[in-house]
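# Fold and geometry: a report
Chain residues, written in single-letter form:
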Amino acid sequence: MEILPPSFSIIVPVYNRPQEVEELLESLSHQTDKDFEIILVEDGSTIDCRAACEKFGEEVRIKYFHKSNEGRSIARNYGIERADGDFFVFVDSDCILPPDYIESLKRSLKDNPTDCFGGPDAAHESFSDVQKAINFSMTSFLTTGGIRGGKKSMEKFTPRTFNMGFSRKVFEKVGGFREMFSEDIDMSTRIKNEGFKVVLFPEVKVFHKRRVDFKKFWRQVHVFGMSRITLQLLYPGSMKLVHWLPALFVIFGIGFVIASFFNKWFLIPLLVYFILLLIAALLSTKSPKVAFLALPAAVVQLGGYGTGFIRAWVWKILLRHGRDENDEIERRRGK
(Lines give C-alpha, C1' and ligand atoms only; values in the text may rest on other atoms or scores of the structure.)
Protein backbone atom coordinates (compact mmCIF):
# COMPACT_ATOMS: atom_id res chain seq x y z
CA MET A 1 0.00 0.00 0.00
CA GLU A 2 1.43 3.33 -1.07
CA ILE A 3 1.93 5.85 1.72
CA LEU A 4 0.95 9.33 0.57
CA PRO A 5 3.03 12.36 1.59
CA PRO A 6 1.54 14.23 4.57
CA SER A 7 -0.08 17.63 4.21
CA PHE A 8 1.85 19.00 7.20
CA SER A 9 5.40 18.58 8.44
CA ILE A 10 5.69 19.58 12.11
CA ILE A 11 9.30 20.68 12.66
CA VAL A 12 10.72 20.78 16.18
CA PRO A 13 14.30 21.84 17.07
CA VAL A 14 15.45 20.29 20.35
CA TYR A 15 18.32 20.76 22.76
CA ASN A 16 18.43 18.53 25.86
CA ARG A 17 14.64 18.36 26.40
CA PRO A 18 13.69 14.64 26.44
CA GLN A 19 10.85 15.01 28.97
CA GLU A 20 9.30 17.94 27.10
CA VAL A 21 9.57 16.08 23.80
CA GLU A 22 7.82 13.04 25.24
CA GLU A 23 4.90 15.21 26.37
CA LEU A 24 4.76 16.92 22.96
CA LEU A 25 4.81 13.60 21.10
CA GLU A 26 2.13 12.19 23.35
CA SER A 27 -0.13 15.13 22.52
CA LEU A 28 0.55 14.60 18.81
CA SER A 29 -0.27 10.91 19.11
CA HIS A 30 -3.80 11.92 20.18
CA GLN A 31 -4.52 14.09 17.13
CA THR A 32 -7.93 13.49 15.58
CA ASP A 33 -6.37 14.00 12.13
CA LYS A 34 -3.11 12.13 11.49
CA ASP A 35 -2.29 13.83 8.16
CA PHE A 36 1.13 15.00 9.36
CA GLU A 37 4.70 13.95 9.99
CA ILE A 38 7.04 15.07 12.78
CA ILE A 39 10.57 16.22 11.96
CA LEU A 40 12.54 16.27 15.21
CA VAL A 41 16.03 17.74 14.99
CA GLU A 42 18.40 17.35 17.94
CA ASP A 43 20.71 20.35 17.76
CA GLY A 44 23.79 18.81 19.36
CA SER A 45 21.95 17.51 22.43
CA THR A 46 23.99 15.60 25.00
CA ILE A 47 20.77 14.16 26.46
CA ASP A 48 18.80 13.00 23.44
CA CYS A 49 15.14 12.13 23.01
CA ARG A 50 15.56 9.09 20.77
CA ALA A 51 13.73 6.91 23.30
CA ALA A 52 10.67 9.17 23.21
CA CYS A 53 10.64 9.03 19.41
CA GLU A 54 10.84 5.23 19.49
CA LYS A 55 8.03 5.10 22.05
CA PHE A 56 5.58 6.92 19.77
CA GLY A 57 7.05 5.81 16.44
CA GLU A 58 4.22 3.36 15.73
CA GLU A 59 1.48 5.89 16.48
CA VAL A 60 2.70 8.87 14.43
CA ARG A 61 5.17 9.39 11.60
CA ILE A 62 8.45 10.62 13.07
CA LYS A 63 11.74 11.48 11.39
CA TYR A 64 14.49 11.82 13.96
CA PHE A 65 17.80 13.55 13.26
CA HIS A 66 20.81 14.35 15.42
CA LYS A 67 23.25 17.02 14.22
CA SER A 68 26.00 19.20 15.64
CA ASN A 69 25.00 22.25 17.63
CA GLU A 70 24.55 25.27 15.32
CA GLY A 71 21.44 27.00 16.67
CA ARG A 72 17.68 26.52 16.52
CA SER A 73 17.22 28.39 13.23
CA ILE A 74 19.70 26.16 11.41
CA ALA A 75 18.02 23.14 13.03
CA ARG A 76 14.64 24.28 11.66
CA ASN A 77 16.11 24.75 8.18
CA TYR A 78 17.69 21.30 8.45
CA GLY A 79 14.24 19.90 9.19
CA ILE A 80 12.59 21.78 6.31
CA GLU A 81 15.05 20.32 3.84
CA ARG A 82 14.08 16.82 4.97
CA ALA A 83 10.32 17.36 5.16
CA ASP A 84 7.74 15.94 2.74
CA GLY A 85 4.74 18.07 3.66
CA ASP A 86 3.24 20.87 1.60
CA PHE A 87 3.04 23.04 4.70
CA PHE A 88 5.77 23.43 7.34
CA VAL A 89 4.51 23.89 10.90
CA PHE A 90 6.81 25.01 13.72
CA VAL A 91 6.26 24.46 17.42
CA ASP A 92 8.67 24.55 20.35
CA SER A 93 9.61 21.42 22.29
CA ASP A 94 7.93 22.87 25.41
CA CYS A 95 4.51 22.93 23.73
CA ILE A 96 1.53 20.60 24.07
CA LEU A 97 -0.95 20.48 21.18
CA PRO A 98 -4.69 20.00 21.76
CA PRO A 99 -6.16 16.89 20.06
CA ASP A 100 -7.88 18.92 17.34
CA TYR A 101 -4.85 21.03 16.38
CA ILE A 102 -4.37 19.55 12.87
CA GLU A 103 -8.12 19.30 12.33
CA SER A 104 -8.57 22.97 13.26
CA LEU A 105 -5.63 23.98 11.08
CA LYS A 106 -7.07 22.19 8.05
CA ARG A 107 -10.45 23.81 8.59
CA SER A 108 -8.93 27.27 9.03
CA LEU A 109 -6.83 26.93 5.86
CA LYS A 110 -9.89 25.80 3.91
CA ASP A 111 -12.00 28.73 5.16
CA ASN A 112 -9.21 31.29 4.81
CA PRO A 113 -6.42 30.11 2.46
CA THR A 114 -3.07 31.72 3.24
CA ASP A 115 0.65 31.34 2.66
CA CYS A 116 1.63 31.81 6.30
CA PHE A 117 -0.25 31.47 9.56
CA GLY A 118 0.28 31.89 13.26
CA GLY A 119 -1.81 30.88 16.23
CA PRO A 120 -2.09 31.83 19.90
CA ASP A 121 -0.77 30.06 22.96
CA ALA A 122 -2.46 29.34 26.26
CA ALA A 123 -1.77 27.76 29.65
CA HIS A 124 -2.67 24.11 30.11
CA GLU A 125 -4.42 23.06 33.32
CA SER A 126 -1.38 20.92 34.21
CA PHE A 127 1.00 23.91 34.22
CA SER A 128 2.40 25.26 37.49
CA ASP A 129 0.98 28.46 38.98
CA VAL A 130 4.14 30.36 37.98
CA GLN A 131 3.84 29.12 34.39
CA LYS A 132 0.18 30.19 34.31
CA ALA A 133 1.12 33.62 35.67
CA ILE A 134 3.86 34.01 33.05
CA ASN A 135 1.44 32.94 30.33
CA PHE A 136 -1.07 35.57 31.47
CA SER A 137 1.64 38.23 31.43
CA MET A 138 2.73 37.23 27.92
CA THR A 139 -0.82 37.29 26.56
CA SER A 140 -2.39 40.23 28.37
CA PHE A 141 -3.14 43.52 26.63
CA LEU A 142 -2.10 45.29 29.86
CA THR A 143 1.48 44.10 29.31
CA THR A 144 1.48 44.75 25.52
CA GLY A 145 1.32 40.98 24.97
CA GLY A 146 -2.23 40.75 23.61
CA ILE A 147 -1.24 39.57 20.15
CA ARG A 148 0.30 36.43 21.62
CA GLY A 149 -3.11 35.53 22.98
CA GLY A 150 -4.78 35.89 19.60
CA LYS A 151 -6.39 39.25 20.35
CA LYS A 152 -6.16 42.69 18.84
CA SER A 153 -3.03 44.63 19.65
CA MET A 154 -1.23 47.83 18.83
CA GLU A 155 0.86 46.21 16.10
CA LYS A 156 0.09 43.99 13.15
CA PHE A 157 0.07 40.27 13.82
CA THR A 158 3.45 38.56 13.59
CA PRO A 159 3.59 34.74 13.82
CA ARG A 160 6.02 33.26 16.36
CA THR A 161 7.74 29.90 16.09
CA PHE A 162 5.97 28.38 19.10
CA ASN A 163 2.97 28.15 16.72
CA MET A 164 3.69 29.15 13.13
CA GLY A 165 3.51 27.66 9.66
CA PHE A 166 4.15 28.50 6.02
CA SER A 167 3.90 26.77 2.67
CA ARG A 168 6.67 25.15 0.68
CA LYS A 169 6.18 27.95 -1.85
CA VAL A 170 7.15 30.50 0.82
CA PHE A 171 10.33 28.60 1.65
CA GLU A 172 11.31 28.36 -2.02
CA LYS A 173 10.84 32.12 -2.43
CA VAL A 174 11.99 33.52 0.93
CA GLY A 175 14.46 30.91 2.14
CA GLY A 176 14.84 29.64 5.67
CA PHE A 177 15.31 31.16 9.11
CA ARG A 178 18.36 33.24 9.95
CA GLU A 179 20.37 32.41 13.06
CA MET A 180 19.59 35.39 15.30
CA PHE A 181 17.42 36.35 18.25
CA SER A 182 13.77 36.99 17.27
CA GLU A 183 14.35 34.94 14.14
CA ASP A 184 10.60 34.34 13.87
CA ILE A 185 9.85 38.07 13.63
CA ASP A 186 12.60 38.42 11.03
CA MET A 187 11.14 35.51 9.05
CA SER A 188 7.59 36.87 9.27
CA THR A 189 8.79 40.28 8.09
CA ARG A 190 10.60 38.79 5.10
CA ILE A 191 7.48 36.76 4.21
CA LYS A 192 5.31 39.88 4.30
CA ASN A 193 7.86 41.87 2.31
CA GLU A 194 7.70 39.25 -0.46
CA GLY A 195 3.94 39.86 -0.74
CA PHE A 196 2.70 36.66 0.90
CA LYS A 197 -0.48 36.66 2.95
CA VAL A 198 -0.07 36.21 6.71
CA VAL A 199 -3.10 35.32 8.85
CA LEU A 200 -3.86 34.78 12.53
CA PHE A 201 -5.89 31.62 13.20
CA PRO A 202 -7.32 32.18 16.72
CA GLU A 203 -8.73 28.63 16.89
CA VAL A 204 -5.37 26.97 16.15
CA LYS A 205 -3.76 27.23 19.58
CA VAL A 206 -1.02 25.46 21.49
CA PHE A 207 -0.31 25.13 25.21
CA HIS A 208 3.10 26.74 25.75
CA LYS A 209 5.02 26.12 28.98
CA ARG A 210 7.48 29.00 28.56
CA ARG A 211 9.91 29.47 31.45
CA VAL A 212 9.43 27.72 34.78
CA ASP A 213 10.75 30.49 37.05
CA PHE A 214 11.07 34.26 37.03
CA LYS A 215 14.87 34.27 36.74
CA LYS A 216 14.81 32.34 33.45
CA PHE A 217 11.84 34.40 32.29
CA TRP A 218 13.81 37.62 32.91
CA ARG A 219 16.74 36.41 30.81
CA GLN A 220 14.39 35.44 27.98
CA VAL A 221 12.52 38.74 27.77
CA HIS A 222 15.73 40.75 28.25
CA VAL A 223 17.04 39.16 25.05
CA PHE A 224 13.70 39.89 23.34
CA GLY A 225 14.13 43.58 24.19
CA MET A 226 17.67 43.64 22.81
CA SER A 227 16.63 41.88 19.61
CA ARG A 228 13.96 44.49 18.87
CA ILE A 229 16.76 47.00 18.24
CA THR A 230 18.48 44.54 15.88
CA LEU A 231 15.20 44.22 13.95
CA GLN A 232 14.88 48.00 13.71
CA LEU A 233 18.37 48.19 12.19
CA LEU A 234 17.54 45.40 9.73
CA TYR A 235 14.13 46.89 8.90
CA PRO A 236 14.18 50.67 9.41
CA GLY A 237 10.75 51.96 10.36
CA SER A 238 9.57 48.62 11.76
CA MET A 239 9.64 49.84 15.36
CA LYS A 240 6.26 50.99 16.69
CA LEU A 241 5.10 52.74 19.85
CA VAL A 242 4.18 49.41 21.45
CA HIS A 243 7.84 48.35 21.35
CA TRP A 244 8.83 51.40 23.40
CA LEU A 245 6.24 50.85 26.15
CA PRO A 246 8.29 48.44 28.34
CA ALA A 247 11.24 50.84 28.24
CA LEU A 248 8.94 53.70 29.21
CA PHE A 249 7.54 51.55 32.01
CA VAL A 250 11.08 51.08 33.36
CA ILE A 251 11.99 54.77 33.07
CA PHE A 252 8.76 56.16 34.55
CA GLY A 253 8.49 53.35 37.11
CA ILE A 254 11.92 54.16 38.51
CA GLY A 255 11.10 57.85 38.32
CA PHE A 256 7.84 57.42 40.27
CA VAL A 257 9.55 55.35 42.97
CA ILE A 258 12.33 57.95 43.43
CA ALA A 259 9.80 60.81 43.45
CA SER A 260 7.71 58.98 46.08
CA PHE A 261 10.48 59.57 48.63
CA PHE A 262 9.46 63.24 48.45
CA ASN A 263 5.72 62.76 47.84
CA LYS A 264 3.87 59.44 48.25
CA TRP A 265 1.25 60.48 45.67
CA PHE A 266 3.71 59.59 42.92
CA LEU A 267 3.06 55.91 43.68
CA ILE A 268 -0.61 56.19 42.71
CA PRO A 269 -0.10 55.55 38.94
CA LEU A 270 1.78 52.35 39.72
CA LEU A 271 -0.79 51.30 42.30
CA VAL A 272 -3.67 51.84 39.85
CA TYR A 273 -1.85 49.85 37.18
CA PHE A 274 -1.23 46.89 39.50
CA ILE A 275 -4.84 46.90 40.70
CA LEU A 276 -6.08 46.76 37.11
CA LEU A 277 -3.57 44.01 36.35
CA LEU A 278 -4.68 42.01 39.39
CA ILE A 279 -8.36 42.29 38.43
CA ALA A 280 -7.65 41.28 34.82
CA ALA A 281 -5.55 38.31 35.94
CA LEU A 282 -8.22 37.17 38.40
CA LEU A 283 -10.95 37.34 35.75
CA SER A 284 -8.75 35.52 33.25
CA THR A 285 -7.26 32.76 35.41
CA LYS A 286 -10.02 32.38 38.04
CA SER A 287 -7.24 31.80 40.58
CA PRO A 288 -6.30 34.32 43.31
CA LYS A 289 -2.83 32.75 43.65
CA VAL A 290 -2.10 32.93 39.93
CA ALA A 291 -3.50 36.48 39.84
CA PHE A 292 -1.11 37.64 42.56
CA LEU A 293 1.80 35.84 40.85
CA ALA A 294 0.88 37.71 37.66
CA LEU A 295 2.05 40.95 39.32
CA PRO A 296 5.75 39.95 39.61
CA ALA A 297 5.44 38.18 36.24
CA ALA A 298 4.37 41.46 34.63
CA VAL A 299 7.17 43.38 36.35
CA VAL A 300 9.70 40.81 35.14
CA GLN A 301 8.31 40.89 31.60
CA LEU A 302 8.18 44.67 31.27
CA GLY A 303 11.36 45.23 33.27
CA GLY A 304 13.36 42.56 31.47
CA TYR A 305 12.24 43.60 28.00
CA GLY A 306 12.54 47.31 28.81
CA THR A 307 16.08 47.10 30.19
CA GLY A 308 17.17 44.92 27.26
CA PHE A 309 15.65 47.42 24.84
CA ILE A 310 17.36 50.39 26.56
CA ARG A 311 20.68 48.56 26.76
CA ALA A 312 20.67 47.68 23.06
CA TRP A 313 19.35 51.11 22.01
CA VAL A 314 22.25 52.84 23.80
CA TRP A 315 24.90 50.45 22.45
CA LYS A 316 23.66 49.87 18.90
CA ILE A 317 21.91 53.11 18.01
CA LEU A 318 23.18 55.85 20.30
CA LEU A 319 26.80 54.60 20.24
CA ARG A 320 26.39 53.15 16.71
CA HIS A 321 27.76 49.65 17.34
CA GLY A 322 24.93 47.82 15.58
CA ARG A 323 26.14 47.76 11.98
CA ASP A 324 28.69 44.95 12.41
CA GLU A 325 26.08 42.62 13.92
CA ASN A 326 23.64 43.23 11.09
CA ASP A 327 26.38 42.69 8.52
CA GLU A 328 27.07 39.30 10.12
CA ILE A 329 23.36 38.37 10.03
CA GLU A 330 23.18 39.24 6.35
CA ARG A 331 26.39 37.29 5.69
CA ARG A 332 24.88 34.18 7.30
CA ARG A 333 21.89 34.56 5.02
CA GLY A 334 24.24 34.29 2.07
CA LYS A 335 23.99 37.82 0.71
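We now turn to the structure provided with this report.

## So, the packing of aromatic side chains
Tallying each qualifying case throughout the model produces 14 aromatic pairs. On the basis of an interplanar angle of 85° and a centroid distance of 6.2 Å, the ring pair of F88 and F166 is categorised as edge-to-face. Of the two residues, F88 sits in strand β4 (residues 87-90) while F166 sits in strand β8 (residues 164-167), which places them 78 residues apart along the sequence. Classification of F88 as buried rests on a relative accessible area of 0%. Connected via pairs of aromatic rings, a cluster forms that spans F88, F90, F166, F171 and F177. We note R76 situated over the ring of F177; from NZ or CZ to the ring centre the distance is 5.5 Å. The ring of F65 carries R82 above its face, with NZ or CZ at 5.9 Å from the centroid.

## Thoughts on the pattern of salt bridges
Evaluated as defined, the whole model comprises 19 salt bridges. In this structure, D115 engages K169 in a salt bridge whose closest nitrogen and oxygen atoms are separated by 3.6 Å. Residue D115 is found in the loop between α4 (101-111) and β6 (116-118), and its partner K169 is found in helix α6 (residues 168-174); the two are separated by 54 residues along the sequence. Among the ionic pairs, K173 bridges to E194, the shortest N-O distance being 4.0 Å. Of this pair, K173 sits in helix α6 while E194 sits in the loop between α7 (183-193) and β9 (198-200), and the two are 21 residues apart along the sequence. Judged by its relative accessible area of 40%, E194 is partly exposed. By sharing partners, the salt bridges in this structure join R72, R76, D92 and E183 into a single network.

## Considerations on a nonpolar patch on the surface
A cluster of nonpolar side chains, namely I254, V257, I258, F261, F262 and L267, defines an oily patch on the protein surface of about 660 Å² accessible area. By the secondary structure assignment, F262 is in the loop between α9 (241-260) and α10 (268-285).

## Comments concerning the pairing of strand β1 (residues 8-14)
Burial of β1 is extensive: seven of the seven residues sit out of reach of the surface. Side chains F8, I10, V12 and V14 of β1 all project onto a buried face; the interleaved residues S9, I11 and P13 project onto the opposite face, where all are buried too. Strand direction decides the pairing type here: β1 and strand β2 (residues 36-43), joined by seven bridges, are parallel. Note on β2: the bridge partner recorded for V14 is E42. Each parallel crossover has a hand, and the one from β1 via helix α1 (residues 18-29) to β2 is right-handed. Across four bridges, the pairing between β1 and β4 is parallel. Counterpart to F8 in the pairing with β4 is F87.

## Describing the sheet that holds β1
Reading across the sheet, the seven strands line up as β3-β2-β1-β4-β8-β6-β9 and stay open at both edges, with mixed pairing between neighbours. Because the sheet does not close on itself, it has two edges, and the strands there are β3 (61-67) and β9. Taken pair by pair, the neighbouring strands of this sheet meet at an average axis angle of 20°, ignoring direction. Packing of α7 onto the sheet brings it into contact with β6, β8 and β9, and relative to β8 it is tilted by some 35°.

## A few points about the packing of α9 against α10
The contact between α9 and α10 brings their axes to 9 Å, and the two run at 125°. Between α9 and α10, the crossing angle belongs to the class labelled oblique. Across the interface between the two elements, F249, G253, F256 and V257 from α9 touch P269, L270 and Y273 from α10. Of the residues belonging to the contact of α9 with α10, the class tally is six nonpolar, one polar and no charged.

## Description of α9
Compared with the 28 Å implied by 1.5 Å per residue over 20 residues, the 27 Å span of α9 between its first and last C-alpha is a close match. Largest kink in α9: about 30°, centred on A247. Of all the residues in α9, the buried ones are V242, H243, P246, A247, V250, G253, A259 and S260. Contacts made by the buried residues of α9 are with α8 (214-234), α10 and α11 (288-318).

## Some details on the environment of M138
Within the secondary structure layout, M138 lies in helix α5 (residues 129-139). A relative accessible area of 3% means that M138 is categorised as buried. Considering only alpha carbons, one finds M138 and V221, 83 residues apart in sequence, at a separation of 9.9 Å.

Reading the values: rules and limits
Residues numbered from 1 in each chain as written. Predicted model: local features only at pLDDT ≥ 70, side-chain atom pairs only at ≥ 80, totals over all residues. Heavy atoms only, no water. Phe/Tyr/Trp six-rings, centres within 6.5 Å; stacked < 30°, edge-to-face > 60°. Helix = DSSP H or I, 4+ residues; strand = E, 2+ residues; numbered from the N terminus. Buried < 20%, exposed > 50% of the residue type's maximum accessible area, 1.4 Å probe, protein only. Lys NZ or Arg CZ within 6 Å of the ring centre and 35° of its normal. Salt bridge = Lys/Arg side-chain N within 4 Å of Asp/Glu carboxyl O. Patch = residues over 30% accessible without salt bridge, like charges linked within 9 Å, V, L, I, M, F, W, Y side chains within 5 Å. Areas by Shrake-Rupley, 256 points an atom, 1.4 Å probe, with all protein chains shown as cover. Pairing = 2+ DSSP bridges. Right-handed = clockwise from strand over helix to strand, strands pointing away. Axes fitted to C-alpha atoms, helices over the stretch in contact; angles between N-to-C directions. Contact = heavy atoms within 4.5 Å. Parallel < 35°, antiparallel > 145°, perpendicular 65-115°, else oblique. Nonpolar A, V, L, I, M, F, W, Y, C, P; charged D, E, K, R; others polar. Expected span 1.5 Å × (residues − 1). Bend = angle between axes of the 7 residues up to and from the residue.

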